[in-house]
Amino acid sequence: MDIDEKREKKLQYQKEYRQKNKEQIRLYKKQYIQKNKEKIKQSKSKYYQENKDAILKKNKIWKDNNKEKCAEYRLLYKLKNM
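Keep in mind it's a predicted model, so treat the numbers as computed, not measured. (Residues numbered from 1 in each chain as written. Predicted model: local features only at pLDDT ≥ 70, side-chain atom pairs only at ≥ 80, totals over all residues. Heavy atoms only, no water.)

Helices and strands together make up the secondary structure of the chain, namely five helices and zero strands. Starting at the N terminus, the α and β elements of the chain follow one another as α-α-α-α-α. In terms of its C-alpha atoms, the chain occupies a principal-axis envelope of roughly 55 × 35 × 35 Å. Of the accessible surface of the chain, which amounts to about 8800 Å², a share of 54% is contributed by carbon and sulfur atoms. In the chain, 27 positive and 12 negative side-chain charges are present, and the distance between their average locations comes to 8 Å. (Helix = DSSP H or I, 4+ residues; strand = E, 2+ residues; numbered from the N terminus. Areas by Shrake-Rupley, 256 points an atom, 1.4 Å probe, with all protein chains shown as cover. Lys, Arg positive; Asp, Glu negative; His and termini not counted. Charge placed at Lys NZ, Arg CZ, Asp CG, Glu CD.)

And the structure:
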């Protein structure tokens, strides 16, 4: 059997499985998040601390490239919170 055929079969199986068990998967994710809330929070803060400079730099570049969008978002935020 060709490698591409195997990959296709695997992807097709995963897709079908997800469609059949959508509700179970959703419940499992919800339970996992509830059970590991603190662990997830710590890993997010650890990631942020390690990559703080890169994240801030990326955000600044995005703001510089999208000044009009930023102004729109600020205006929408102000209108929403009036």
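This part covers the packing of helix H4 (residues 52–65) against helix H5 (residues 67–80). Relative orientation of the contacting elements H4 and H5 amounts to 95°, with a least axis distance of 5 Å. By the angle between their directions, the pair H4 and H5 is classed as roughly perpendicular. Facing H4, whose interface residues are Trp62, Lys63, Asp64 and Asn65, H5 presents Lys67, Lys69, Cys70 and Tyr73. Residues belonging to the contact of H4 with H5 are distributed by class as follows: three nonpolar, one polar and four charged. (Axes fitted to C-alpha atoms, helices over the stretch in contact; angles between N-to-C directions. Parallel < 35°, antiparallel > 145°, perpendicular 65-115°, else oblique. Contact = heavy atoms within 4.5 Å. Nonpolar A, V, L, I, M, F, W, Y, C, P; charged D, E, K, R; others polar.)

Taken as a whole and judged by the stated rule, the model has three salt bridges. A salt bridge links Asp64 to Lys60; the shortest N-O distance between them is 3.4 Å. Taken together, the positions of Asp64 and Lys60, both in helix H4 and four residues apart, correspond to about one turn of that helix. Judged by relative accessible area, Asp64 falls into the partly exposed class, the value being 42%. Under the relative-accessibility criterion, Lys60 is labelled exposed at 53%. (Salt bridge = Lys/Arg side-chain N within 4 Å of Asp/Glu carboxyl O. Buried < 20%, exposed > 50% of the residue type's maximum accessible area, 1.4 Å probe, protein only.)

If you check helix H3 (residues 37–50), its first and last C-alpha atoms are 20 Å apart, about what 14 residues at 1.5 Å a residue would give, namely 20 Å. Sparse coverage of H3 is indicated by the burial of zero of its 14 residues. (Expected span 1.5 Å × (residues − 1).)

Under the 1.5 Å per step criterion, the end-to-end length of helix H1 (residues 3–20) is 26 Å for 18 residues, consistent within 8% with the ideal 26 Å. The buried fraction of H1 amounts to zero of the 18 residues, a small share that puts the element mostly on the outside.

Confidence along the chain averages 89 in pLDDT terms, with 99% of residues attaining 70 or more. Of all secondary-structure elements in the chain, the lowest mean pLDDT belongs to H5, at 85, while helix H2 (residues 22–35) reaches the highest, 93. (pLDDT = per-residue confidence, 0-100.)

How two aromatic rings sit relative to each other is set out by the distance from centre to centre and by the angle between their planes. What the rule picks out here adds up to three aromatic pairs. Plain terms: the ring middles of Trp62 and Tyr73 are 6.4 Å apart, the flat faces sit at 5° to each other, and that makes the pair stacked. With a gap of eleven residues between them, Trp62 in helix H4 and Tyr73 in helix H5 connect regions that are remote in the sequence. For Tyr73, a relative accessible area of 48% translates into the label partly exposed. (Phe/Tyr/Trp six-rings, centres within 6.5 Å; stacked < 30°, edge-to-face > 60°.)

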